[in-house]
Amino acid sequence: MNKTELEGTAHLLDELDKKLMVLLRDGRTLIGYLRSVDQFANLVLHRTIERIHVGKEYGDIPRGVFIVRGENVVLLGEIDADKEAELPLTEVSVDEILDAQRQEQESKQEQQKLVSKALKERGLHLMPDLTHDDMF
């Protein structure tokens, strides 16, 4: 069987030892080197970082070896080293980005409360989104 005829998760074999970005179902972004993959698209990433974006800033949290269950992968792609060096973002410390992320989440929660209150005043009740019960 030729490599071009590979189907399904076998295509991931072409990505071994490459630097990949993996977006997870819970919203986290991981960047690391793909070391292993199986028939269920379970991944083993090496020298992994968790990258957190808030506005035009980002922070990287070192995670080391990271095993990702295939069903949790939303998006996977190779990192272009040339483009990575030209990021239009500012790197900040882990503490700064975590603080910014917390503030962003609190702001979103406040906005959601205002929307819910406005709808309730108009006789509408916003049902909580039950489809995200597996988040975090």
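What you see is a predicted model, and the numbers here were worked out from it, not measured in a lab. (Residues numbered from 1 in each chain as written. Predicted model: local features only at pLDDT ≥ 70, side-chain atom pairs only at ≥ 80, totals over all residues. Heavy atoms only, no water.)

*Asks:* Kindly report on the pairing of strand β4 (residues 57-68), identifying the contributing residues and their values.
*Replies:* Where strand β3 (residues 43-54) lies against β4, ten bridges are found, and the strand directions are antiparallel. Residue pairing across strands places His 53 opposite Tyr 58, the latter belonging to β4. The turn joining β3 and β4, which pair antiparallel and follow one another in sequence, is formed by two residues; a positive phi near 60° is taken by Gly 55. (Pairing = 2+ DSSP bridges. Helix = DSSP H or I, 4+ residues; strand = E, 2+ residues; numbered from the N terminus.)

*Asks:* Before we move on, could you go through the sheet that holds strand β6 (residues 90-91) and cite the residues and values that matter?
*Replies:* The six strands are arranged β5-β1-β2-β3-β4-β6 in an open sheet whose pairing can be described as mixed. Two strands in the sheet have a free side with no partner beyond their single neighbour: β5 (73-78) and β6. One ladder, built from seven bridges, connects strand β2 (residues 29-37) with β3; its direction is antiparallel. In the sheet register, Ile 31 faces β3, and the bridge partner there is Ile 49. Along the sheet, helix α2 (residues 94-121) contacts β3 and β4; its crossing angle with β3, the most-contacted strand, is approximately 60°. (Contact = heavy atoms within 4.5 Å. Axes fitted to C-alpha atoms, helices over the stretch in contact; angles between N-to-C directions.)

*Asks:* Give me the lowdown on the side chain of Arg 51, citing residues and values where you can.
*Replies:* Mapped onto the fold, Arg 51 is located in strand β3. A distance of 2.7 Å separates a polar atom in the side chain of Arg 51 from a polar atom in the side chain of Asp 60. Leave out the neighbours within four places in its chain, and Arg 51 touches Thr 29, Ile 31, Tyr 58, Gly 59, Asp 60, Glu 84 and Leu 87. (Polar contact = N/O pair within 3.5 Å; in protein donor to acceptor, adjacent residues only side chain to side chain.)

*Asks:* Lay out the pairing of strand β1 (residues 19-24) with the relevant residues and their values.
*Replies:* Where β1 meets β2, five bridges bridge the pair, whose relative direction is antiparallel. Counted as the bridge partner of Met 21 is Ile 31 from β2. Hairpin connection of β1 to β2: four residues between the antiparallel strands, including Gly 27 at a positive phi of 100°. In the sheet, β1 pairs with β5 via five bridges, with the strands oriented antiparallel.

*Asks:* Pulling in residues and values, what's your account of the nonpolar core?
*Replies:* In terms of nonpolar packing, the biggest core is built from twelve residues, these being Leu 12, Leu 20, Val 22, Leu 24, Leu 30, Leu 34, Val 37, Ala 41, Leu 43, Leu 45, Phe 66 and Val 68. The contact partners of Leu 45, leaving out residues within four places of it in the chain, are Val 22, Leu 30, Gly 32, Tyr 33, Leu 34, Gly 64, Val 65, Phe 66 and Val 68. Ile 52, Val 54, Ile 61 and Ala 100 belong to the second largest nonpolar core, which has six residues in total. (Core = buried A, V, L, I, M, F, W, Y, C linked by side-chain atoms within 4.5 Å. Buried < 20%, exposed > 50% of the residue type's maximum accessible area, 1.4 Å probe, protein only.)

*Asks:* Please give an account of the confidence of the model for the chain that cites residues and values.
*Replies:* Looking at the chain as a whole, its pLDDT mean stands at 86, while 89% of the residues score no less than 70. Within the chain, β1 carries the highest mean pLDDT (96), whereas helix α1 (residues 81-85) carries the lowest (82). (pLDDT = per-residue confidence, 0-100.)

*Asks:* Provide a residue-level description of the pattern of salt bridges, including the pertinent values.
*Replies:* Here the structure, examined in full by the defined rule, presents ten salt bridges. Between Arg 63 and Glu 50 there is a salt bridge whose closest N-O contact spans 2.7 Å. Taken together, the residues Arg 63 in strand β4 and Glu 50 in strand β3 connect sequence positions 13 residues apart. You can call Arg 63 partly exposed: its relative accessible area is 38%. Its relative accessible area of 7% is what places Glu 50 among the buried residues. Between Arg 102 and Glu 106 there is a salt bridge, with the nearest N and O atoms lying 3.1 Å from each other. Of this pair, Arg 102 and Glu 106 both sit in helix α2, four residues apart, which is roughly one turn of that helix. Taking relative accessible area as the criterion, Arg 102 reaches 39% and is therefore assigned partly exposed. (Salt bridge = Lys/Arg side-chain N within 4 Å of Asp/Glu carboxyl O.)

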